[in-house]
Amino acid sequence: MDTAAPKGIGALNTRESQPVNTQDYNTANAKHCIRENGTGGWSSAFLLLVNQGLATLAFFGVGVNLVLFLTRVLGQDNASAANNVSKWTGTVYLCSLVGAFLSDSYWGRYLTCAVFQVIFVLGLVLLSVSSWLLLLKPAGCGDGKQICVPATSFSSALFYLAVYLVAFGYGGHQPTIATFGADQFDESNPRQRNSKSSFFCYFYFALNTGSLFSNTILVYYEDSGEWTLGFWAATASAVLALVAYLLGSKGYRYIKPSGNPVRRVMQVFIAAAKKWDVKMQEGETLHEVEGSESAIKGSRKIFHTDGFECLDKAAIITDQDRQGPADPWRLCTVTQVEEAKCILRMLPIWLCTIIYSVVFTQMASLFVEQGNVMNSTVGNFHLPPASMSAFDICSVLLCTGIYRQILVPIAGRLSGNPKGLTELQHGHRPYHWNAGNGRRRRNRKGKTQKSHPRRARQPDEHILADPAAPDGVKSLGSSLCMASMSLGNFVSSLLVNMVMGITARNNNPGWIPADLNTGHMDMFYFLIAGLTAADLVVYVACAKWYKCINLEVTDGDHEVGKAKDAGEREEEMVNRV
C-alpha cells in the first residue's frame, strides 16, 4: 500500500521523533493566550493561593463537622449519618468532572472557577440561613447536650439543597483552580517552568492551611452549639475567596479551552474501528499535522509510543483519506491517538486509588463519630471531635517537609534522579496513623480499649494533574483524583451497609452500632487495612506495566528538533501518569 502523505496531510514515521521548532512553538504557544497583556507570574498565582486557602477553609468548615450536625440536629443514627456524609462527599468530587469538562472544553478556566465559586457562595448562604431560622431550635441546641426540635420535611429539604449546592460549587471549582494557577507560568521560560513546580507545593500548603483553621477554630464553635456562627464564618471566607479571585482578573494569563476531549477520544476509537482490516506494515507512516502546532488547540504534539497498536490504525493514511478533505472520524493525528492511549494507560492506576479513597473518607464520618464518644477533655479544655483532624493535617505537613528536604536529596544521590523518586514510585506512599491514637474508650466487655483513629495519606493529586496530564485535558486530569475520591465515598457507603448487614444479624449490635462502645470499630479498620494491602499489590503491578508518553518540548539550550535522552525526558518532559 502506498503510504506517501498526500498534499495537505502530514506524516510521521513510527520510529522517529518529530522535530521541534522552538521559535514557531513559542509563537504558537502565545496564540493560545486569550489576553496577551496578562502578565501572570507569582503576583497572579499568589491571589489564587489565597483563594484556595479561603475556599478550603469555607468548605471544611461545613464538611468536617457535617456528620455531627446530622446526628445532633437532624437526629440521624451513626450509620445513616456516616453514609449520608459519604454520599455527599462523593458528590463533591463527582462534580469535579463537570467543572473540568466545562473548563477544558468550552468555558475556559477563569470563567469556570468564577461560576462555580458563585454557586459555592450561594449554597453557603442558604445553609447559614436555613440552619439559623429553621433547624437550630431552640437556640444553642446541637451541642451534644441540648436536643433540637425535630426538623420538618421542608427545612430538611432546604438543608440538603444547600449542602449539595456547596458540593456542586466546591467540586467544580477545585480541579480548575489548580490548573489555572499553573497557567500563570510560561513553560517556554525555564525559570517559570521551575516556578510552576513550586506553585503546586504552595497550593498544597494553602489547602492544608485552610483545612487546619477550619478543623480547629470553626469546629470548636460548632461543637459548642454555635453552628450558625460557624456557617456564617465559612460563608464570609468563601466571599473573601471570590473577591481575591476577581481582583486578579486583569493580570491573569488566560488559556483558550482545547475543545471537547470526549469527542476527540471517541474519534480515535471510531476511526480505528473503521480501519480494523487495514494492516500496518513495518516503517508505516502515520498522520500528523505539519509544522510545530498540534491539531489539538492549546496542546503540544505527543511522540508516538508502542502499545495499543490497534488505535494506531486511526492515524493510517488510506487511499480513501487522500480522495477528499480529512474526516476526523476516519483519520486522526498521532497526538490525538496518543492522548487516547494516555487515558487508557492511566485507568488501571487511577482505579487503584479508589481503595485509598475508601479509607480517606473515614476521617469525615466514622472518625468524627468515634471522637465524639472519646474522653477528649484536656484539663478544663474540651477538644472537639472534628479537631482531631488537625493531627492528620499537621503530620502530613511535617512529613511533606521531611520528604522534600531530607528524603528527596538522599534518594536523588542514590538513584541519580534529581526528583529522588518518580511519580509512579511515590504514588502509593505508606499510610500512617495520626497522633490521636492515644485516646481510650470502653469496649463491650467493659475493658479499656484503645480507639484506632483514622490513618490518612494526602492524595498525590499532582500525579494526575498539571503538568502530568495531556495539555488538552489538564483540568480533567486533576479531576480524576477527585473522581477517585467520589467513587471511594460511594464504595465506603456500600461497605458500611454490607458490614452492618452481616455483623448485625441475630440481634448483635454490629461493628458500627449507635453506641460505638458496644461495637467493633477495630475490626472495621482491620478490614479496610487488608483491602489497602491488596490494593498496593495491584498498584505495583500496574506501575510496572505502565509506559510513559513524551511531549515535544522547547529548550533554548538544545539544538532545534533534537530529542532529549531518557534522563532529561523524565525531568523536562511529561512523565505520563
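Bear in mind that the values here come from a model prediction, so they are computed numbers and not experimental data. For every chain, the first residue of its written sequence is number 1, and the numbers climb from 1 along that sequence. Local features in this predicted model are restricted to residues whose pLDDT is 70 or higher, and side-chain atom pairs enter the listing and the counts only when it is 80 or higher, whereas totals over whole chains, interfaces and linings include all residues. With hydrogens and water excluded, all non-hydrogen atoms of the structure serve as input to the side-chain values.

## Some remarks on the UniProt feature "transmembrane region" (unreviewed entry) in the chain
- The residues that UniProt annotates with the feature "transmembrane region" (unreviewed entry) are residues 45-70, 114-136, 199-221, 227-247, 347-368, 388-407, 480-503 and 523-542.
- Elements are defined by DSSP. Helices are runs of H or I of four residues or more, strands are runs of E of two residues or more, and each kind is numbered from the N terminus. Between the first and last C-alpha atoms of residues 480-503 the distance is 34 Å; the span itself is 100% helix and 0% strand.
- Secondary structure across residues 523-542 comprises 100% helix and 0% strand; the distance between its end C-alpha atoms is 29 Å. UniProt positions are given in the numbering used here, feature names are shortened, and annotations may be inferred rather than shown by experiment.

## What about a nonpolar patch on the surface?
- Only residues above 30% relative accessible area that lack a salt bridge enter a patch, with like-charged residues linked at up to 9 Å and the nonpolar side chains Val, Leu, Ile, Met, Phe, Trp and Tyr linked at up to 5 Å. For the accessible areas, the method is Shrake-Rupley and the probe is 1.4 Å, while residue cover comes only from the protein chains on display. Salt bridges are identified by distance alone: a Lys or Arg side-chain nitrogen within 4 Å of an Asp or Glu carboxyl oxygen. A cluster of nonpolar side chains, Val125, Val129, Trp132, Leu133, Leu134, Phe154 and Trp232, forms an exposed patch at the surface whose accessible area comes to about 640 Å².
- Counting residues per element, the nonpolar patch draws most heavily on helix α5 (residues 109-135), at five residues.
- Inspection of the secondary structure assignment puts Leu134 in helix α5.

## Considering the pattern of salt bridges
- Tallying each qualifying case throughout the model produces seven salt bridges.
- Between Lys275 and Asp321 there is a salt bridge, with the nearest N and O atoms lying 2.9 Å from each other. Of this pair, Lys275 sits in the loop between α9 (261-274) and β2 (285-287) while Asp321 sits in helix α11 (residues 319-322), and the two are 46 residues apart along the sequence.
- Asp319 is the partner of Arg322 in a salt bridge, and the nearest nitrogen-oxygen pair spans 2.7 Å.

## Quick notes on the nonpolar core
- Counting 42 residues, the largest nonpolar core has Phe69, Val73, Trp88, Phe120, Leu124 and Phe159 as the members making the most contacts within it.
- Elements that contribute at least two residues to this core include exactly α2 (41-63), α3 (66-72), α4 (78-107), α5, α6 (153-183), α8 (227-247), α12 (334-360) and α16 (474-503).
- By the convention used here, residues are in contact when the closest approach between their heavy atoms is within 4.5 Å. Not counting residues up to four positions away in its chain, the partners in contact with Phe159 are Leu66, Phe69, Leu70, Leu74, Leu127, Ser130 and Leu135.
- By convention a nonpolar core is built from buried Ala, Val, Leu, Ile, Met, Phe, Trp, Tyr and Cys residues, the set being connected through side-chain atoms within 4.5 Å. Here the term buried applies to any residue with accessible area under 20% of the maximum for its type, exposed to any over 50%, and partly exposed to those in between, with areas from a 1.4 Å probe on protein chains only. Ala45, Leu48, Ile177 and Phe203 belong to the second largest nonpolar core, which has 16 residues in total.

## Some words on the packing of α5 against α6
- Interaxial angles span 0 to 180 degrees and are taken between N-to-C directions of axes, which are lines fitted to C-alpha atoms, for helices over the stretch in contact. Contact geometry of α5 with α6 gives a least axis separation of 7 Å together with a crossing angle of 155 degrees. One element, α5, and the other, α6, form an angle in the roughly antiparallel class. Viewed along their axes, α5 and α6 form a crossing whose handedness is left-handed.
- Grouping the amino acids of the contact of α5 with α6 by side-chain chemistry returns 22 nonpolar, ten polar and two charged. Angle categories: roughly parallel below 35 degrees, roughly antiparallel above 145, roughly perpendicular from 65 to 115, and oblique for all the rest. Helix crossings get a hand from a simple test, with the near helix turned counterclockwise from the far one by less than a right angle marking a left-handed crossing and a clockwise turn marking a right-handed one. Polarity classes work like this: nonpolar for Ala, Val, Leu, Ile, Met, Phe, Trp, Tyr, Cys and Pro, charged for Asp, Glu, Lys and Arg, and polar for all others, with Gly in that last group.

## Comments concerning the packing of aromatic side chains
- Stacked, tilted and edge-to-face pairs are distinguished by plane angle, under 30 degrees for stacked and over 60 for edge-to-face with tilted covering the rest, among Phe, Tyr and Trp rings (Trp via its six-membered ring) whose centres lie within 6.5 Å. What the rule picks out here adds up to 27 aromatic pairs.
- Relative to Tyr170, the ring of Phe59 lies with its centre 4.0 Å away and its plane at 0 degrees, an arrangement referred to as stacked. Of this pair, Phe59 sits in helix α2 while Tyr170 sits in helix α6, placing them 111 residues apart in sequence.
- Here Tyr170 falls in the buried class, since its relative accessible area comes to 4%.
- On the basis of an interplanar angle of 75 degrees and a centroid distance of 6.3 Å, the ring pair of Tyr252 and Tyr254 is categorised as edge-to-face.
- Classification of Tyr252 by relative accessible area gives buried; the value is 0%.
- Joined through ring pairs, the aromatic side chains of Trp42, Phe185, Phe199, Tyr202 and Phe203 make up one cluster.

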